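Given next are the chains, with one letter for each unit.
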Amino acid sequence: MLHEMSWTEAKEYFTKNDMAILPVGSNEQHGPQNPLGTDHLIAKAIAEETAKRTGVLCLQVVPFGVSSHHRQFWGTIYISPRIFKKYVRDVCLALNYYGVRRIVIVNGHGGNLPALMELARELREEEVFMSIFQWWEVAGKLLPDLFKSEERGHAGAEETSMNLALHPHIVDMDKAVDEKPRRHFTQTDGITLPFDTVDKTSSGVFGKSTTASAEKGKEIFKVVVNELVKHVALLKKAKTEDLMQKSKV
Ligand SMILES: [Zn+2]
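Values in this document were obtained by computation on a predicted structure and should not be read as measured data. (Residues numbered from 1 in each chain as written. Predicted model: local features only at pLDDT ≥ 70, side-chain atom pairs only at ≥ 80, totals over all residues. Heavy atoms only, no water.)

**Focus: the coordination of the zinc ion**
Let me state the cut-off plainly: The donor set covers N, O and S atoms within 2.8 Å of the metal, switching to 3.2 Å for Na, K and Ca, and it leaves out water, so a site may look short of donors. Counting from the N terminus, the helices are the DSSP runs of H or I reaching at least four residues and the strands are the DSSP runs of E reaching at least two. Buried, partly exposed and exposed residues are distinguished by accessible area as a fraction of the type maximum, computed with a 1.4 Å probe on protein chains only: under 20%, between the cut-offs, and over 50%, respectively.
At the metal site, the zinc ion is ligated by H30 (NE2), D39 (OD) and E159 (OE), and these contacts range over 1.9 to 2.0 Å. Going along the chain, you hit the donors of the zinc ion in the pattern H-x8-D-x119-E. In this pair, H30 is assigned in the loop between β1 (19-24) and α2 (38-54) and E159 in helix α6 (residues 157-166), connecting sequence segments 129 residues apart. E159 carries the same exposure label as H30, and that label is buried.

Following this line, the structure appears as structure tokens:
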């Protein structure tokens, strides 16, 4: 962890390594049973475990993200995509000042993805390679039978299970609910609508959350960390020229 090092230790790391892991998340409602910090706490846990196993430096988690669509639920701290992108960019450029050219973002909140993708493309033009990891994509792909689709929504059983595995003292399963998200009458196939969470659910839960369990969460954590460790090893091995933008053909 960078913040636990002295500057002389940091100097030693950066002169020998050009890679770092940065977890980012959000502080937003996750139904009545989960902590507001769910997305950044899960990202932090995955990033730190991966850092431990790979020897790659890990930074403190960026706790706030692009969450204005949850703001009607109390305690959601939302920042604009523009500011989020700028903030993460400045963190990456500070790393780059010490020679870092490979950055793995562990993103705990899907709403951050468009801003992160824009940033990753910009940074690549500046010869910094940034990859983005999202744990629920791995869970859906590698553990397809662990949860049904209605358990994989926001604050659903899958996400709640991760919280139960990682920090059970801040989950209150007595308050867990199941709520089928409402479908707006203008919704037809192929349409994306600019609605907030409150337009679709009253509890903040999308789907089923009462079936969450710590055991399932532990299983997901193991599988997603293994997958990220694989990526970090590949990125570490990659030649810089294989990561950077190609010149015109
Ligand atoms: Zn979440």
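After presenting the structure, the write-up continues.
**What about the side chain of N163?**
To be explicit about the condition: Residue contacts are counted whenever heavy atoms from the two residues lie within 4.5 Å of one another.
Within the secondary structure layout, N163 lies in helix α6. Look past the residues within four positions of N163 in its chain and what remains in contact with it is N34, P35, T38, I42, P168 and V171.

**What to know about the pairing of strand β3 (residues 102-107)**
Worth spelling out the cut-off: Two strands pair under a simple rule: DSSP has to find at least two bridges between them.
Along β3, six of the six residues are buried, which leaves the element largely enclosed by surrounding structure. Both faces of β3 are covered, namely the face carrying R102, V104 and V106 and the face carrying I103, I105 and N107. As paired strands, β1 and β3 are joined by six bridges and run parallel to one another. Directly across from V24, in β3, lies its bridge partner N107. Two strands pair when backbone bridges link them, and β3 and strand β4 (residues 129-133) are joined in this way by five bridges, in the parallel orientation. Looking at the pairing, V106 lines up with F133 of β4.

**Concerning helix α3 (residues 81-97)**
Definition in use: In this analysis, the expected span of each helix is defined as 1.5 Å times one less than the number of residues it contains. Picture the helix axis, draw a direction to every C-beta atom, and the arc is the one those directions span.
Between the first and last C-alpha of α3 there are 24 Å, a value that for 17 residues agrees with the 24 Å anticipated at 1.5 Å per step. Every buried residue of α3 is accounted for by F84, K85, V88, R89, C92 and L95. Along α3, the residues classed as buried sweep out an arc of 125 degrees about the axis, all on the same side. Exposed and facing more than 90 degrees away from the buried side of α3 are R82, Y87 and Y97. Each element contacted by the buried residues of α3 is listed here: α1 (7-16), β1, β3, α4 (113-125) and β4. Looking one or two residues past α3, G99 carries a phi angle of roughly 100 degrees, positive in sign.

**What about unusual backbone geometry?**
With a phi close to 65 degrees, E127 is a non-glycine residue in the positive phi region. E127 gets classed as partly exposed once you look at its relative accessible area, which sits at 42%. Phi is positive for A155, close to 65 degrees, though the residue is something other than glycine. Mapped onto the secondary structure, A155 falls in the loop between α5 (135-142) and α6. According to the relative accessible area criterion, A155 is buried, its value standing at 0%.

**A closer look at the sheet that holds β1**
Backbone hydrogen bonds hold the strands of a sheet together, and the pairing may be parallel or antiparallel. Judged by pairing direction, the sheet is parallel, and its four strands sit side by side in the order β2-β1-β3-β4 without closing on themselves. The open sheet terminates on both sides in strands that have one partner only, identified here as β2 (57-58) and β4.

**Things to note about the pairing of β1**
In regular strands, side chains alternate between the two faces of the sheet. Put simply, the rule reads: Here, the term right-handed applies to a crossover whose path from the first strand over the helix to the second runs clockwise when the strands point away from the viewer.
In terms of residue burial, β1 counts as a mostly covered element, since six of its six residues are buried. Residues M19, I21 and P23 of β1 are buried on one face, and the alternating residues A20, L22 and V24, pointing to the opposite face, are buried as well. Two strands pair when backbone bridges link them, and β1 and β2 are joined in this way by two bridges, in the parallel orientation. Note on β2: the bridge partner recorded for A20 is L57. The parallel pair β1 and β2, bridged by α2, forms a crossover whose chirality is right-handed.

**Remarks on the environment of A214**
With respect to the element layout, A214 can be found in helix α7 (residues 214-237). Separated by 103 residues in the primary sequence, A214 and G111 have C-alpha atoms spaced 25 Å apart. For A214, the residues in contact, after removing those within four places along its chain, are S161, L164 and A165.

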